[in-house]
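Each chain, letter by letter, is given below.
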Amino acid sequence: MLGCDCDVCRSDDPRDRRTRSGALLDLPGGRLLVDTPPELRVQLLRERVGALDGVWITHTHADHVHGIDDLRIFSAKRPLTMWVPDMHRRSLETRFPYIFDPAAATQPGTTRPEVEVRSLRPLEPVPVLGADLVPLPVPHGATTVFGFRVGSLGYVTDGKALPPPTLAALAGVRTLVLNALWWGSPHPTHFNIEEAIAAAREVGAERTFLVHLTHRVGHRELERDLPADVRPAYDGLSVDVR
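From a predicted model like this one, the values you see are computed outputs, not experimental measurements.

Participant: Residues and numbers for the environment of Thr19, please.
Facilitator: With respect to the helices and strands, the residue Thr19 is situated in the segment before strand 1 (23-27). What makes Thr19 partly exposed here is its relative accessible area of 25%. Put simply, Thr19 and Arg201 are 182 residues apart on the chain and 27 Å apart in space, counted from C-alpha to C-alpha. With residues near it in sequence (within four places) discarded, Thr19 still touches Glu39, Gln43, Arg46 and Asp235. Reaching out from Thr19, the side chain makes a polar contact with the side chain of Gln43 at a distance of 2.8 Å. A polar contact of 2.5 Å, which involves the side chain of Thr19, links it to the side chain of Asp235.

Participant: Describe the sheet that holds strand 11 (residues 207-211), and please don't skip the residues or the numbers.
Facilitator: Reading across the sheet, the seven strands line up as 6-7-8-9-10-11-12 and stay open at both edges, with mixed pairing between neighbours. At either margin of the open sheet sits one strand with a lone partner, and together these are strand 6 (126-128) and strand 12 (230-232). Ignoring strand direction, the axes of neighbouring strands in this sheet form an average angle of 30°. As defined by bridge partners, strand 8 (residues 143-150) adjoins strand 9 (residues 153-156) across three bridges and the pair is classed as antiparallel. By the bridge assignment for strand 9, Arg149 is matched with Gly154. On the sheet, helix 6 (residues 193-203) packs against strand 10 (175-179), strand 11 and strand 12 and is oriented at approximately 155° with respect to strand 10.

Participant: Give me the pattern of salt bridges: which residues, what numbers.
Facilitator: Working definition: two side chains of opposite charge can pair if their charged atoms are close together. Taken as a whole, this structure holds 19 salt bridges when the rule is applied. A salt bridge links Asp26 to Arg31; the nearest nitrogen and oxygen atoms lie 2.9 Å apart. Arg46 is paired through a salt bridge with Glu47; the nearest N and O atoms lie 2.7 Å apart. Arg46 gets classed as partly exposed once you look at its relative accessible area, which sits at 39%. Among the charged side chains, a network of salt bridges with common partners joins Asp13, Arg15, Arg220 and Glu223.

Participant: Talk me through the sheet that holds strand 1; I want residue IDs and the actual numbers.
Facilitator: As summarised here, the arrangement of the five strands in space is 1-2-3-4-5, forming an open sheet in which the pairing is mixed. Only two strands of the sheet have a single partner each, and these edge strands are strand 1 and strand 5 (115-120). Recorded for the sheet is a direction-independent mean angle of 25° between the axes of neighbouring strands. One ladder, built from six bridges, connects strand 4 (residues 80-85) with strand 5; its direction is parallel. Residue pairing for strand 5: Pro85 is matched across the bridge by Leu120. The sheet contacts of helix 3 (residues 86-95) involve strand 4 and strand 5, and relative to strand 4 the element is tilted by about 115°.

Participant: Please provide a residue-by-residue account of the side chain of Asp53, values included.
Facilitator: Along the chain, Asp53 turns up in the loop between helix 1 (40-46) and strand 3 (54-56). A polar atom in the side chain of Asp53 sits 2.7 Å from the backbone nitrogen of Arg31. Among the polar contacts made by the side chain of Asp53, one reaches the side chain of Arg78 at a distance of 3.1 Å. Leave out the neighbours within four places in its chain, and Asp53 touches Gly29, Gly30, Arg31, Arg78, Leu80, Thr81 and Leu129.

About the cut-offs
Residues numbered from 1 in each chain as written. Predicted model: local features only at pLDDT ≥ 70, side-chain atom pairs only at ≥ 80, totals over all residues. Heavy atoms only, no water. Helix = DSSP H or I, 4+ residues; strand = E, 2+ residues; numbered from the N terminus. Buried < 20%, exposed > 50% of the residue type's maximum accessible area, 1.4 Å probe, protein only. Contact = heavy atoms within 4.5 Å. Polar contact = N/O pair within 3.5 Å; in protein donor to acceptor, adjacent residues only side chain to side chain. Pairing = 2+ DSSP bridges. Axes fitted to C-alpha atoms, helices over the stretch in contact; angles between N-to-C directions. Salt bridge = Lys/Arg side-chain N within 4 Å of Asp/Glu carboxyl O.

Encoded structure:
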């Protein structure tokens, strides 16, 4: 947290050095990036990611899309397919017209991210890089965030509840990813940790990973205090979901 000298912000545990939330899925037909957070370049350099095959946008809040310009290197040879919820497409096009407006001209010798946009609609499965992903709508204040289910994995970021249709679509997942900010006081648009644990119990996954954590919780303490089947995620965590 900028300007903070709390124990977590001064921690020497690398798992407490959290950048904004995103994910990378290895699917049968290639690598799918989930969101383009502001630290995207740093994250992909750290993980030595040299190629991407598609992008899934959950919603258009700044902490999930403002690294979008760093996609340009991955679309140098061919456009990247980008799956975008219908309700968020206009926001993305308005915020980044130089990417999404076909009439926007680039100067000679310059580049921009080249993308081909495909639609996402709530709970309508879409083929993505050799797998079927089910878009999962969850409330996030005045907007709706679109996580997904693919096989035995459920991924829900920036949510405050699991509506009945989304909960039903998650039935049988073995690995669940949920956002959670901190213990105690509720937040208007995100799960706190207690709410995330309760949601995980409703889903019944074998293991749940918490993401979108804040500096009000340290990694070691979370490992100690969370139930055995709920773990804190950290930057660079790799999970086998086969």
